[in-house]
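# Fold and contact review
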Amino acid sequence: MEDDLAVIERVIAEHETIKQRFHKLEQVANDTEAMAGFDEAKEAFMPGRLDQKKGLRELEGTLGAIEEGLQKHFHFEEISLPTVVDRHGDEELKSSLKSILLEHADLRNRLNHSKNHASELVSGGMARHRWEAAAHDMRAYISHTRKLLETHAGIEQTLLHELRNRLQK
């Protein structure tokens, strides 16, 4: 039972780390889009552009780190939580866990889409107006993914706290 409680405590702690990483990702995406605005202002005074690829590469790195962390976290949840829920949960908790685990595929797909989007922007093969629109779209997509992940983690937290309460009784 103590091992089951340790699993629950670990997942709860990992949720906070993931939340912080996504806030950093969103900030990097915002900074990258802001670079486009600075670039326009700079062009009014002299030719040349600020290096937007630097911000995009940072974005790609942050996305990669988040994806790696989420993959490990999701894998741990998918391996560990079903056993704990089967031992200590009722049918409602078991059903909730199945729904939560199904959301992992969607979140993985959204991260992969964001990585591909960032790579497309780094390649620099788009016209400026398309690049700016794509950068704005990517930022909105990342922001929505963060919101989906926070909602997902909130539902998981509720389930985990219920399990923890059952184990501590």
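Before going into details, it helps to say that this report is about the structure given with it. (Residues numbered from 1 in each chain as written. Predicted model: local features only at pLDDT ≥ 70, side-chain atom pairs only at ≥ 80, totals over all residues. Heavy atoms only, no water.)

## Digging into the packing of helix H3 (residues 91-123) against helix H4 (residues 128-168)
Short version of the rule: Inter-axis angles, ranging from 0 to 180 degrees, are taken between N-to-C directions of lines fitted to C-alpha atoms, where helices are fitted over the stretch in contact. Helix and strand assignments come from DSSP, with helices taken as H or I runs of at least 4 residues and strands as E runs of at least 2, each series counted from the N terminus. Oblique is the label for every angle not falling under 35 degrees (roughly parallel), over 145 degrees (roughly antiparallel), or within 65 to 115 degrees (roughly perpendicular). Whether a crossing is left-handed or right-handed is set by the direction in which the near helix is turned from the far one by less than a right angle, anticlockwise for left-handed and clockwise for right-handed. Classification used: nonpolar for Ala, Val, Leu, Ile, Met, Phe, Trp, Tyr, Cys and Pro, charged for Asp, Glu, Lys and Arg, polar for all others including Gly.
Viewed as axis vectors pointing N to C, H3 and H4 meet at an angle of 160°, and their least axial separation amounts to 10 Å. Put simply, H3 runs roughly antiparallel to H4. Once H3 is placed against H4, the crossing between them reads as left-handed. Here the residues of the contact of H3 with H4 are counted per class, giving 17 nonpolar, eight polar and seven charged.

## A look at the layout of surface pockets
Using the following cut-off: Only protein atoms enter the calculation, which uses a 1 Å grid: trapped sets of points that fit a 1.4 Å probe without letting it out are cavities, open sets showing protein on both sides within 12 Å along at least five of seven lines are pockets, and any residue with an atom within 4 Å of a point is a lining residue. Grid points are joined across faces, edges and corners, and a volume is the space filled by probe spheres set on the points.
Approximately 180 Å³ is the volume attributed to the largest pocket. Considering the residues around the largest pocket, the lining is formed by 17 residues, among which His15, Lys19, Leu149, Glu150 and Ala153 are closest to the centre. For the lining of the largest pocket, the elements supplying multiple residues, two or more each, are helix H1 (2-45), helix H2 (52-88) and H4. Ranked by residues supplied to the lining of the largest pocket, first place goes to H4 with eight residues.

## With respect to H3
Operational definition: One fewer than the residue count of a helix, multiplied by 1.5 Å, yields its expected span. A 3.5 Å cut-off defines polar contacts: any pair of N or O atoms within that distance qualifies, except that in protein one atom must be a possible hydrogen donor and the other a possible acceptor, and neighbouring residues in sequence count only when both atoms are side-chain atoms.
With 33 residues, H3 should reach 48 Å at 1.5 Å per residue; the first-to-last C-alpha distance of 49 Å fits that figure. Its side-chain oxygen 3.2 Å from the backbone nitrogen of glutamate 92, aspartate 90 forms the N-cap of H3. Within two residues after H3, glycine 124 carries a phi angle of roughly 75°, on the positive side.

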